[in-house]
Amino acid sequence: MGSWYWWMILGMAVVTYIPRAIPLTFLEGRELPEAVQNVLRNIPYAVLGALIFPAIFFIQENIWFGIIGAIAAFGIAFTGANVMIVVLGSIAVLAIFSVFI
């Protein structure tokens, strides 16, 4: 392995670390406004929706799996569950649904 691999890994580590370290450094000990906290709290659900919705259209065999999975994910997310619970819950619903089809 050439030395440029190590320089590339180091560069990627620095580029990944800087955007995470700067807000932590400057916002340490400060309370964000309630509106900003609400937006930040909803980002994982928005990303989850952005990943699920287009994937429904790329299902080749049975589109009902995508629709039922999306409905299950939306229903679980609507209850205010953690994003990981939403993902695992929709997978469980699809596993149960696939047994009956």
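In what follows, the structure referred to is the one given above.
Here the residue index of a chain counts from 1 through its sequence in written order. Restriction of local features to residues with pLDDT of at least 70 applies here, the model being predicted, together with a cutoff of 80 or more for giving and counting side-chain atom pairs; totals for whole chains, interfaces and linings are based on all residues. Where side-chain values are given, they derive from all heavy atoms of the structure, hydrogens and water being excluded.

A word on the packing of helix α2 (residues 34–57) against helix α4 (residues 83–100)
Right, so step 1: For helices, the axis comes from a line fit to the C-alpha atoms of the stretch in contact; other axes are also lines fit to C-alpha atoms, and the angle between any two N-to-C directions lies between 0 and 180 degrees. A run of H or I in DSSP becomes a helix once it reaches four residues, and a run of E becomes a strand once it reaches two; helices and strands are each numbered from the N terminus. At a minimum axis distance of 10 Å, the contact between α2 and α4 shows a crossing angle of 30°. In terms of orientation, α2 and α4 fall into the roughly parallel class. Seen from α2, the contacting residues are Pro44, Tyr45 and Leu48; seen from α4, they are Val83, Val86 and Val87.
Right, so step 2: Within the contact of α2 with α4, the residues separate by chemical class into six nonpolar, no polar and no charged. Note on terminology: angles under 35 degrees are roughly parallel, angles over 145 are roughly antiparallel, angles of 65 to 115 are roughly perpendicular, and the others are oblique. The contact criterion used throughout is that any non-hydrogen atoms of two residues lie within 4.5 Å. In the scheme used here, Gly and all other residues not listed as nonpolar or charged are polar, with Ala, Val, Leu, Ile, Met, Phe, Trp, Tyr, Cys and Pro taken as nonpolar and Asp, Glu, Lys and Arg as charged.

A short note on α2
Right, so step 1: What a helix is expected to span follows from its residue count: subtract one and scale by 1.5 Å. Its 24 residues give α2 an end-to-end C-alpha distance of 36 Å, which sits within 8% of 34 Å, the value for a rise of 1.5 Å per residue.
Right, so step 2: Within α2, the full set of buried residues consists of Gln37, Leu48 and Ile56.
Right, so step 3: In this fold, the buried residues of α2 make contact with α3 (63–78) and α4. In this scheme, a residue with accessible area under 20% of its type's maximum is buried, one over 50% is exposed, and one in between is partly exposed, where area comes from a 1.4 Å probe on protein chains only.

Focus on the side chain of glutamine 37
Right, so step 1: Assignment of secondary structure puts glutamine 37 in helix α2.
Right, so step 2: Polar contact criterion, stated in full: a pair of N or O atoms within 3.5 Å, where within protein one must be able to donate a hydrogen and the other to accept it, and residues adjacent in sequence count only if both atoms are side-chain atoms. Reaching out from glutamine 37, the side chain makes a polar contact with the side chain of glutamate 31 at a distance of 2.7 Å.
Right, so step 3: From its side chain, glutamine 37 meets the backbone oxygen of leucine 32 in a polar contact 3.1 Å long.
Right, so step 4: The residues contacting glutamine 37, other than those within four sequence positions of it, are Glu31 and Leu32.

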